[in-house]
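Residue-level structural notes
As a plain string of letters, each chain reads:
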Amino acid sequence: MTSLYKGVLILGSATPSLESYYLAQTGKYVLLEMKNRIDKKPMPHIVPVDMREELHFGNRKILSRSLQKLLQETLARKEQSIIMLNRRGYATFVMCRSCGEVIHCPKCDLPMVYHREQYLACHRCDITQPVPKQCPKCSSKMIKFFGSGTEKLEQELEELYPDARVIRLDRDTTKRKMAHIDILHAFRDRKYDILLGTQMVAKGHDIPNVTAVGIISADSVLHLPNFRSPERCFALITQTAGRAGRGVKQGEVIIQSYNPQHYAVQYGIKQDYSGFYEAELPLRKENFYPPFAQLIQLMVQNKEEEIAYKRAKEIKQLFNAEFTSNNDYQLLGPAPAIIAKLNDIYRFVILLKGKDMRPLQDFLKRHKLHIEDGISINVNPF
């Protein structure tokens, strides 16, 4: 489009993708940097908290002692706080303590999430069901809720700060059209003291009276089986921390983590994108991931698990027959998708990696995989 209209395309981000920054470093993009905030306002002061130590000292709450103190001081000054916890619901899964059975969605095979209104919900297909009174596997009544979501944290905030006005911003509170805009406007107008939410609270909000930010379980995204997990962790920390101190006063940020030594967390604390880039790039190169490779993800799906897996293995054999002697092209899988069963459909993933995209595309067309029922194709998937 830029060549058709002779226009200039500007990509802007505090946390650009590694691929974009690499293209800028290699001269394919022009890099323009803004090293300071508007009016040269100071960056927030960021303090990491190791939640393993909190547990050692007997604190079993979601909020660390440091974050509790920061919120109390912020409330006393009549200033506002934002807290980000990237898990909604009250408990992240429900388990039988007798046999260890976890209650799963019958259609998606994902753990169902308990909500304070006394129901279980699948956060992928949105079906709901009552909380079982006994285990469906062993009939035990020893059902327990594990993990912490935004609803549980909201309850903890209300107990710790009974006079504080808390509002929650997540998918459950924004089902009504434009509800998220109403919530943000009410918070901006100082009708609430604490804004609690998922990553919806992390990006783009410029609220001058927010001087404190808490990031809960900052490193949880690192446990996802995705090569971009460190990049997402760094971006989430950087973007959420950036909500603090956008007015006259410097912001204070508490980052809670169980793995504060990880380089993505460390560079996020320092707000050092260049440092993160230099640490991450060699790992991408060693494992043949972007920006050093192009990717095509194939999702093979069928109502019968064996049929889906068999077809995925057949595609792997076709690929190996054509590319085995070429180190510039690789295949990973087949493996169950992160959500292995969705709406009663079994899913297996194959990842094609290549130095150039064209041979991969030609392979798909030659075997008519791009038009085959039961196969979805995602080029350079995010």
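Heads up: the structure comes first, above all this text.
Criteria and thresholds
- Residues numbered from 1 in each chain as written.
- Predicted model: local features only at pLDDT ≥ 70, side-chain atom pairs only at ≥ 80, totals over all residues.
- Heavy atoms only, no water.
- Helix = DSSP H or I, 4+ residues; strand = E, 2+ residues; numbered from the N terminus.
- Contact = heavy atoms within 4.5 Å.
- Areas by Shrake-Rupley, 256 points an atom, 1.4 Å probe, with all protein chains shown as cover.
- Lys, Arg positive; Asp, Glu negative; His and termini not counted.
- Charge placed at Lys NZ, Arg CZ, Asp CG, Glu CD.
- Axes fitted to C-alpha atoms, helices over the stretch in contact; angles between N-to-C directions.
- Parallel < 35°, antiparallel > 145°, perpendicular 65-115°, else oblique.
- Nonpolar A, V, L, I, M, F, W, Y, C, P; charged D, E, K, R; others polar.
- Buried < 20%, exposed > 50% of the residue type's maximum accessible area, 1.4 Å probe, protein only.
- Arc of directions from axis to C-beta.
- Pairing = 2+ DSSP bridges.
- Expected span 1.5 Å × (residues − 1).
- Phe/Tyr/Trp six-rings, centres within 6.5 Å; stacked < 30°, edge-to-face > 60°.
- Patch = residues over 30% accessible without salt bridge, like charges linked within 9 Å, V, L, I, M, F, W, Y side chains within 5 Å.
- Salt bridge = Lys/Arg side-chain N within 4 Å of Asp/Glu carboxyl O.

The number of helices and strands found in the chain is 11 helices and 15 strands. By its C-alpha atoms, the chain is 70 × 65 × 45 Å across when sized along the principal axes. Within the chain, residue pairs in contact and separated by at least 24 positions form 69% of the contacts whose partners lie at least 6 positions apart. Carbon and sulfur atoms provide 51% of the accessible area of the chain, an area that totals close to 21000 Å². Here the chain carries 55 positive and 42 negative side-chain charges, and the mean point of each set is 2 Å from the other.

It is the contact of helix 7 (residues 229–241) with helix 9 (residues 273–286), at a shortest axis distance of 11 Å, that shows an interaxial angle of 170 degrees. With respect to their mutual orientation, helix 7 and helix 9 come out roughly antiparallel. In this structure, helix 7 contributes Pro-230, Glu-231 and Phe-234 to the contact, and helix 9 contributes Tyr-273, Phe-276, Glu-280 and Arg-284. Taken together, the residues that form the contact of helix 7 with helix 9 break down as 4 nonpolar, no polar and 3 charged.

Quick look at helix 8 (residues 263–270) now. Along helix 8, the positions that sit buried rather than exposed are Ala-264, Val-265, Gly-268 and Ile-269. An end-on view of helix 8 places all buried positions within 135 degrees of arc, on one side of the element. Of the surrounding secondary structure, the elements contacted by the buried residues of helix 8 are strand 1 (45–50), helix 7, strand 11 (252–257) and helix 9. Downstream of helix 8 by a residue or two, Gln-271 has a phi angle that is positive, lying close to 55 degrees.

In spatial order, the strands read 4-5-6; together these 3 strands make up an open sheet with antiparallel pairing. Where the open sheet ends on each side, the last strands, each with one partner, are strand 4 (113–115) and strand 6 (128–130). Neighbour-to-neighbour, the strand axes of the sheet open up by a mean angle of 35 degrees, direction not taken into account.

Quick look at helix 10 (residues 305–323) now. Given a rise of 1.5 Å per residue, 19 residues ought to cover 27 Å, and the 27 Å separating the end C-alpha atoms of helix 10 matches this to within 8%. Buried positions along helix 10 lie against strand 12 (294–302), strand 13 (329–342), strand 14 (345–354), helix 11 (357–366) and strand 15 (375–379).

Below, the discussion takes up the packing of aromatic side chains. In this structure the tally under the stated criterion is 12 aromatic pairs. Ring centres of Phe-234 and Phe-276 lie 4.8 Å apart, and the angle between their planes is 5 degrees; on these two criteria the pair is classed as stacked. Linking Phe-234 in helix 7 with Phe-276 in helix 9, this pair joins segments that are 42 residues apart in sequence. We note that Phe-234, like Phe-276, is buried. Here the aromatic rings of Phe-319 and Phe-363 are separated by 5.5 Å at their centres, their planes lie at 90 degrees, and the arrangement is edge-to-face. Remark: Phe-363 occurs in helix 11 and Phe-319 occurs in helix 10; sequence separation between them is 44 residues.

Across residues other than glycine, the phi torsion is negative in most instances, and most of the peptide bonds are trans. Residues Pro-290 and Pro-291 are joined by a peptide bond in cis, for which omega reads 15 degrees. With respect to the secondary-structure elements, Pro-291 resides in the loop between helix 9 and strand 12. A cis amide bond links Gly-333 with the next residue in sequence, Pro-334, at an omega value of 0 degrees. A positive phi angle, near 65 degrees, is found at Lys-78, a position not held by glycine. Positionally, Lys-78 belongs in the loop between helix 4 (65–76) and strand 2 (80–85). Judged by its relative accessible area of 69%, Lys-78 falls in the exposed class. At Phe-288, a residue that is not glycine, the phi angle is positive and equals roughly 60 degrees. With respect to the helices, strands and loops of the structure, Phe-288 is situated in the loop between helix 9 and strand 12. On the accessibility criterion, Phe-288 (12% relative accessible area) is buried.

For the rest of this paragraph, the subject is a nonpolar patch on the surface. Taken together, the side chains of Leu-9, Leu-11 and Tyr-29 present a nonpolar region at the surface, about 330 Å² in accessible area. You can see Tyr-29 is positioned in the loop between helix 2 (18–25) and strand 1. Tyr-29 gets classed as partly exposed once you look at its relative accessible area, which sits at 36%.

So, about the pairing of strand 14. A large share of strand 14 lies buried, amounting to 8 of its 10 residues. The pairing of strand 12 with strand 14 spans 9 bridges and is classified as antiparallel. Looking at strand 14, one finds that Gln-297 is bridged to Leu-351. With 8 bridges joining them, strand 13 and strand 14 adopt antiparallel strand pairing. Bridge pairing links Pro-336 to Phe-348 in strand 14. Linking strand 13 back to strand 14 in an antiparallel pair, the connection comprises 2 residues, with Asn-343 at a positive phi of about 50 degrees.

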